[in-house]
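Results of the structural survey
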Amino acid sequence: MNENILLYLIAYLLGAIPFGLLLAKGFGGVDIRAAGSKSIGATNVLRVLKEQNPHKARILAIITLACDALKAFLPLIIAKYAINADYNVLWAMGVLAVIGHCYSPYLGFNGGKGVATGAGVMAFFLPVELICALIAWYLTGKIFKISSLASLCALIVFLASSFILHYDLEPINTHAPIFIICFIILAKHSTNIARLISGAEKKVI
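Residues numbered from 1 in each chain as written. Predicted model: local features only at pLDDT ≥ 70, side-chain atom pairs only at ≥ 80, totals over all residues. Heavy atoms only, no water.

An unreviewed UniProt entry lists the chain under the name Glycerol-3-phosphate acyltransferase, with Candidatus Campylobacter infans as the source organism. A UniProt comment under Pathway (unreviewed entry) is attached to the chain, and it reads "Lipid metabolism; phospholipid metabolism." Taken directly from UniProt, the Catalytic activity (unreviewed entry) text for the chain runs: "an acyl phosphate + sn-glycerol 3-phosphate = a 1-acyl-sn-glycero-3-phosphate + phosphate". (UniProt positions renumbered as here; feature names shortened; annotations may be inferred.)

Our focus in this paragraph is the overall build of the chain. A count of helical and extended segments in the chain gives ten helices and zero strands. Counting from the amino terminus, helix and strand elements in the chain follow one another as α-α-α-α-α-α-α-α-α-α. Relative to the 2.2 N^0.38 estimate, which gives 17 Å for 205 residues, the radius of gyration of the chain is 17 Å and therefore close to what a compact globule would have. Counting only C-alpha atoms and orienting by the principal axes, one finds that the chain spans roughly 50 × 35 × 25 Å. Across the 205 residues that make up the chain, the buried fraction comes to 42%. Sequence-distant contacts in the chain: of pairs separated by 6 or more residues, those separated by 24 or more amount to 62%. Carbon together with sulfur atoms contributes 69% to the accessible area of the chain, which is approximately 10,600 Å² in total. (Helix = DSSP H or I, 4+ residues; strand = E, 2+ residues; numbered from the N terminus. Rg over C-alpha atoms; globule rule 2.2 N^0.38 Å. Buried < 20%, exposed > 50% of the residue type's maximum accessible area, 1.4 Å probe, protein only. Contact = heavy atoms within 4.5 Å. Areas by Shrake-Rupley, 256 points an atom, 1.4 Å probe, with all protein chains shown as cover.)

Time to look at the nonpolar core. Among the nonpolar cores identified, the biggest contains 31 residues, and L90, W91, M93, V121, M122, F125 and I178 are the most heavily contacted of them. Contributions of two or more residues to this core are made by α1 (2-15), α4 (54-83), α5 (87-102), α6 (115-125), α7 (127-144), α8 (147-165) and α9 (176-188). In terms of residues, this core owes the most to one element, α5, which gives eight residues. Apart from the residues within four sequence positions on either side, M122 is in contact with W91, P127, L130, F158, I178 and I181. Grouped together as the second largest cluster of nonpolar side chains are 14 residues, L21, L23, I32 and L107 included. (Core = buried A, V, L, I, M, F, W, Y, C linked by side-chain atoms within 4.5 Å.)

Okay, a nonpolar patch on the surface next. On the surface, a cluster of nonpolar side chains totalling about 820 Å² of accessible area is made up of I131, L134, I135, W137, Y138, L139, I143 and F144. Among the secondary structure elements, I131 is positioned in helix α7. (Patch = residues over 30% accessible without salt bridge, like charges linked within 9 Å, V, L, I, M, F, W, Y side chains within 5 Å. Salt bridge = Lys/Arg side-chain N within 4 Å of Asp/Glu carboxyl O.)

So, about the packing of aromatic side chains. The geometry of an aromatic ring pair comes down to the distance between the two centres and the angle between the two planes. A complete count under the given rule lists six aromatic pairs for this structure. Three or more aromatic residues link up through ring pairs in this structure, and these residues are F73, Y87, W91, F124 and F125. Against the face of Y103 rests K188, its NZ or CZ located 4.8 Å from the ring centre. (Phe/Tyr/Trp six-rings, centres within 6.5 Å; stacked < 30°, edge-to-face > 60°. Lys NZ or Arg CZ within 6 Å of the ring centre and 35° of its normal.)

Moving on, we come to helix α2 (residues 19-28). Buried within α2 we find G20, L21, L23, A24 and G28. Close packing links the buried residues of α2 with α3 (42-49) and α4. Note on α2: the residue one or two positions beyond its end, G29, has a positive phi of about 65°.

Here we take up unusual backbone geometry. At the junction of E170 and P171, the peptide bond is cis and its omega measures out at 5° in the coordinates. Examined against the element boundaries, P171 turns out to sit in the loop between α8 and α9. A positive phi angle, near 70°, is found at K38, a position not held by glycine. With respect to the element layout, K38 can be found in the loop between α2 and α3. Positive phi outside glycine occurs at L169, with the angle close to 45°.

Further remarks concern the UniProt feature "transmembrane region" (unreviewed entry) in the chain. On the UniProt side, "transmembrane region" (unreviewed entry) is annotated at positions that read residues 6-24, 59-83, 89-109, 121-140 and 146-165 here. Secondary structure across residues 6-24 comprises 84% helix and 0% strand; the distance between its end C-alpha atoms is 30 Å. Spanning residues 59-83, this segment combines 100% helix with 0% strand, and its end C-alpha atoms are found 34 Å apart.

Next up on the list: the pattern of salt bridges. Within the structure shown, the criterion is met by three salt bridges. Between R33 and D31 there is a salt bridge, with the nearest N and O atoms lying 3.0 Å from each other. Residue classification places R33 among the partly exposed residues on the basis of a relative accessible area of 36%.

Structure, rendered in structure tokens:
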């Protein structure tokens, strides 16, 4: 039990690391919490820094995306193959990584939208469903050039495909962790949804 609690704490605290904020401050001298959409994710890194240097902005956005995914993915890999943690523990770690990113103790329990970190979790558990979601994300983003819309479409595709491909979701036999992660991501996009409905959501050019 003590080992599990330690795993949960590690997953939460690693998930809470705000890589977008750190990278934008360290390499762009900008606090992205006070600019653009004020999010700490890759899209806002790109949006805020592209006026300084578009090439550097793209690189930092890609690094942010990768770090936000890996901070959830790597602890799961280590927990599974180094100490053989069971799937109930692993799913709990995944949920806590997303909670950490979205409600980071390092940022006064504020944070990002959870998309990249959620993708890192699902890369470990449900890679085929994640690929389906990434295709939806890419196509929606390519057509409409609205990051939040692409993320929400990917979320819907992921959730639907998880039921189609893994209806029983063995060995835990419940979709509850997926619902929790999707709900958190959806809740963090509430203002984006309001802007999408009003037609005020900005595009990423």
